[in-house]
Amino acid sequence: FLLLALGELFYVIKEGNSDENSFYIGFYLGISILFFTPMIAFILVFLIGSLFYTNIYFKGYFILAFGVLFPFFLLFTFYYWRDGLPELLTNVFYYSLTQSTNFLLFHDIIMIVTIPILFVSIAILKVLNATGFINYQVRIQSVMLFLLMMGVLILFFIPQLTMYHFLIFLPPIALFLSAFFLILTKIVLRGVLFYSFVICMVFLGYSHNNYLTSYLTLENILIENSSIDSFGKILVLGENKANYQNNKVATIYIDWNLSKRYFLDLDNYENLSEIYTNIKNDIPDVIVDDQEIIPKLFQRIPEFEKLYQQEGNLYKLKK
């Protein structure tokens, strides 16, 4: 959806603005933000690009803002009708910006992206200093450069940084690298650099299995082997996701960081009501209680206590 928004912006830069284009720019950008919340920073890229390189008038910016908010309005309305708006705001938007887990350390990222950064940096310097580009191409390069800079800024606001987040750099990287290879006049040099780049990318793509594994910190990415047997459908009250390896998920309470606000506040009637409904509709064969919550839950909901027998931190469904 970011590519679609960029396509609309580039069309406006080339052909001129219409209210329809302004709406689509905002609409596609709004959907991309719903998929990846930190993408909200790219609004600034589109505003600056529209301000300096298009003929969008004052009314057009209101239409663009309406386009950004329109997907949010539809989503909020749907969840409001289903009495799920607080959960949407908390679980999707709040935790996507605040829940912190460092899956890769800084030196891991540097080891992986050094070669691409070297190629891209040379490409940017070469393209920006080249002559022969028409005015439209220069404007596109300026927008993409700002998009690249904003993408670097976004990395510092991603609480759970992993390598797939670097996908946001693909549009500007694709533009500058393709322009770089095309402006090279020496065919031999162009071929050597192009195939060197391809070989390096393929090598990096498979090196995590062969060469770089021992140098990377992968403990936060890899899941440990399960410590429990295969029971069927289980509910895990805790952060050990390894228990799901040989079992199926019961209820909606998969991620403890999202579920704990319900289970740690069992004096709240609404929380109890939701827990009762969700467990009743999808009875777990086994409950893994790493947080010692079940005794208090059974006090609040005695109906569940009759269904299970305790074995350590496991509560197994009676046959």
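Up top you'll find the structure we're talking about.
So, how was this worked out
- Residues numbered from 1 in each chain as written.
- Predicted model: local features only at pLDDT ≥ 70, side-chain atom pairs only at ≥ 80, totals over all residues.
- Heavy atoms only, no water.
- Helix = DSSP H or I, 4+ residues; strand = E, 2+ residues; numbered from the N terminus.
- Phe/Tyr/Trp six-rings, centres within 6.5 Å; stacked < 30°, edge-to-face > 60°.
- Buried < 20%, exposed > 50% of the residue type's maximum accessible area, 1.4 Å probe, protein only.
- Lys NZ or Arg CZ within 6 Å of the ring centre and 35° of its normal.
- Contact = heavy atoms within 4.5 Å.
- Pairing = 2+ DSSP bridges.
- Expected span 1.5 Å × (residues − 1).

Asker: Kindly report on unusual backbone geometry, identifying the contributing residues and their values.
Answerer: Phi at Thr251 takes a positive value of approximately 70°, unusual for a residue other than glycine. In this fold, Thr251 is placed in the loop between strand S2 (248-249) and helix H10 (256-263). Positioned with a positive phi, Glu292 is a non-glycine residue whose angle comes to about 55°. Looking at where Glu292 falls in the secondary structure, it is placed in the loop between strand S3 (286-289) and helix H12 (294-300).

Asker: Let's hear about the packing of aromatic side chains: which residues, and what values?
Answerer: Here the structure, examined in full by the defined rule, presents 25 aromatic pairs. With centroids separated by 5.8 Å and ring planes inclined at 35°, the aromatic side chains of Phe166 and Phe169 adopt a geometry described as tilted. Residue Phe166 is classed as buried on the basis of its relative accessible area of 18%. You can call Phe169 buried: its relative accessible area is 7%. A cation over an aromatic ring shows up here: Lys14 above the ring of Tyr136, its NZ or CZ 5.7 Å from the ring centre.

Asker: Residue-level account of the side chain of Glu8, with values.
Answerer: Examined against the element boundaries, Glu8 turns out to sit in helix H1 (residues 2-15). In this structure Glu8 touches Asn21, Tyr24, Ile25 and Tyr28, once residues within four positions along its chain are discounted.

Asker: I'd like to hear about the sheet that holds strand S1 (residues 233-237), residue by residue, with values.
Answerer: A sheet is described by the order of its strands in space; here five strands give the open sequence S2-S1-S3-S5-S4, paired in mixed fashion. Each of the sheet's edge strands pairs with one partner strand only, and the pair in question is S2 and strand S4 (308-311). Of the strand pairs in this sheet, S3 and strand S5 (residues 314-317) are connected by three bridges, and their pairing is antiparallel. Across the sheet, Val288 pairs through a bridge with Leu314, a residue of S5.

Asker: Could you give me a rundown of helix H7 (residues 135-155), with the residues and numbers involved?
Answerer: The end-to-end C-alpha distance of H7, which contains 21 residues, comes to 31 Å, matching closely the 30 Å that a straight helix rising 1.5 Å per residue would cover. Of the positions making up H7, those classed as buried are Ile140, Gln141, Val143, Met144, Leu147, Leu148, Met150, Gly151, Ile154 and Leu155.

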